[in-house]
Amino acid sequence: MKGIVFTEFLEMVEETFGLETVDYIIYKSDLKSKGVYTSVGTYDFFEMLSLISNLSEKVNIPVNDLIYAYGLYFFSVLHKNHSNIMDLYETPFDMISSIENHIHIEVRKLYPGAELPTFKIIKKDDDFIELIYYSDRGLYMFAKALMEKTFEHFNKQANIEFELLKDNGSEVRFLITQKNGES
Ligand code: HEM
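Keep in mind it's a predicted model, so treat the numbers as computed, not measured.

Conventions used here
Residues numbered from 1 in each chain as written. Predicted model: local features only at pLDDT ≥ 70, side-chain atom pairs only at ≥ 80, totals over all residues. Heavy atoms only, no water. Pairing = 2+ DSSP bridges. Helix = DSSP H or I, 4+ residues; strand = E, 2+ residues; numbered from the N terminus. Axes fitted to C-alpha atoms, helices over the stretch in contact; angles between N-to-C directions. Contact = heavy atoms within 4.5 Å. Expected span 1.5 Å × (residues − 1). Buried < 20%, exposed > 50% of the residue type's maximum accessible area, 1.4 Å probe, protein only. Salt bridge = Lys/Arg side-chain N within 4 Å of Asp/Glu carboxyl O. Core = buried A, V, L, I, M, F, W, Y, C linked by side-chain atoms within 4.5 Å. Domains from an automatic or database assignment. Phe/Tyr/Trp six-rings, centres within 6.5 Å; stacked < 30°, edge-to-face > 60°. Lys NZ or Arg CZ within 6 Å of the ring centre and 35° of its normal.

Observations concerning the sheet that holds strand β3 (residues 157–164)
Strand pairing in a sheet takes place through backbone hydrogen bonds and is either antiparallel or parallel in direction. One open sheet accounts for four strands, arranged β1-β2-β4-β3; its pairing is antiparallel. Of all strands in the sheet, those bounded by a partner on one side alone are β1 (118–125) and β3. In this sheet, neighbouring strand axes are inclined to one another by 20 degrees on average, regardless of whether the strands run parallel or antiparallel. Direction of pairing for β1 relative to strand β2 (residues 128–134): antiparallel, over a ladder of seven bridges. Looking at the pairing, T118 lines up with Y134 of β2. Docked against the sheet, helix α7 (residues 140–153) engages β1, β2, β3 and β4 (171–179), running at close to 165 degrees with respect to β3.

Some points on helix α4 (residues 63–86)
Under the 1.5 Å per step criterion, the end-to-end length of α4 is only 28 Å for 24 residues, more than 12% shorter than the ideal 34 Å. Those residues of α4 that fall on the buried side of the exposure criterion are L66, I67, Y70, G71, Y73, F74, F75, V77, H82, I85 and M86. Contacts made by the buried residues of α4 are with α1 (3–17), α3 (45–59), α5 (92–96), α6 (99–110) and α7.

Remarks on α1
Its 15 residues place the ends of α1 21 Å apart at the C-alpha level, agreeing with the 21 Å of an ideal helix rising 1.5 Å per residue. Here α1 has its buried residues at G3, I4, V5, F6, E8, F9, L10, M12 and V13. Packing partners of the buried residues in α1 comprise α2 (19–28), α3 and α4. G18 lies just past α1 and shows a positive phi near 95 degrees.

What about the pattern of salt bridges?
Inspection of every chain in the model, using the stated rule, returns seven salt bridges. In this structure, E152 and K149 form a salt bridge, with 3.2 Å as the shortest nitrogen-oxygen distance. Placement of the pair is E152 and K149 together in helix α7, with a separation of three residues, close to one helical turn. Residue classification places E152 among the exposed positions, given a relative accessible area of 51%. Linked through salt bridges whose partners overlap, the residues forming this network are E130, E163 and R173.

Looking at the nonpolar core
Core analysis: the largest hydrophobic core is formed by 54 residues, its most contacted members being F9, M147, F174 and I176. Residue contributions to this core peak at nine residues, all from α4. For this core, the domains that each give at least three residues are domain 1 (3–61) and domain 2 (83–179). The residues contacting F174, other than those within four sequence positions of it, are I129, E130, L131, Y133, Y140, A143, K144, M147, I160, E161 and F162.

Focus: the domain arrangement of the protein chain
Taken domain by domain, the protein chain holds domain 1 (3–61) and domain 2 (83–179). Taken over C-alpha atoms, the centre of domain 1 sits 25 Å from the centre of domain 2.

Focus on the packing of aromatic side chains
A full pass over the atoms with the stated rule returns 12 aromatic pairs. Look at F119 and Y133: their rings are 5.7 Å apart centre to centre, the planes differ by 55 degrees, and that puts the pair in the tilted class. With F119 in strand β1 and Y133 in strand β2, this pair connects stretches of sequence that are 14 residues apart. Of the two residues, F119 and Y133, neither departs from the other in class, the shared state being buried. Among the aromatic residues, those joined into a cluster by ring pairs are F9, Y70, Y73, F74 and F142. Between the NZ or CZ atom of K58 and the centre of the ring of Y24, over which it lies, the distance is 4.7 Å.

Concerning the pairing of β4
Bridging between β2 and β4 involves seven bridges; their strand directions are antiparallel. Opposite E130, over in β4, you have L175 as the bridge partner. Pairing between β3 and β4: eight bridges, direction antiparallel. Across the sheet, E161 pairs through a bridge with L175, a residue of β4.

Printed below as a string of structure tokens:
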């Protein structure tokens with residue numbers, strides 16, 4: 001996992017829960033990096049799991065809710081750093097259906113060593129997409145948050161449903177329906 005995901009995560013924790021909580025979860029987690037991250041470095045995903053589960057215990061919020069909240073936050077980070085990529089898209093469906101064959105391909109060039117999910121489009125028409133998320137990291141709530149933010153970015157609304165195809169969240173079906181009338 002890229003360092004930017006760690007540095008921004010710790011930034012969100014600091015903004016939301018304060019610096020003491022950041023220090024506490026770093027101290028409590030078993031971190032090879034000792035909690036020192038550079039945005040271009042690559043670190044073990046286990047460190048993120050450890051930080052999130054210690055945060056979950058400390059603030060009494062379920063892990064998946066924290067992952068979702070972080071996805072909402074991370075969208076602004078992506079927008080700030082990579083608006084040139086996002087600006088190529090005119091609709092949320094164009095953007096979401098291009099993650100696999102354009103966006104994350106560019107990401108791989110910009111962030112060597114990035115660990116990215118796979119999205120397989122099953123069905124697509126004007127106001128509906130069915131896709132499957134595949135990733136050993138099981139960050140489907142992160143994906144859901146980024147999808148919601150993508151709609152918000154284009155001033156559109158959608159209903160996003162999902163179904164775990166594997167219990168560990170490594171394979172998840174998403175059904176996304178755009179609500180009409182809103183622009
Ligand atoms: C300009 C747009 C985007 C950029 C620049 C971008 C970039 C990135 C980066 C840097 C990572 C971290 C990789 C790592 O830690 O090794 C990542 C992960 C991820 N991205 Fe994107 N992304 C974009 C849009 C999206 C969108 C719209 C989605 C919506 C579903 C998405 C879904 C994900 C997910 C779920 C992960 C976590 C990795 C995993 O699940 O295995 N991305 N992305």
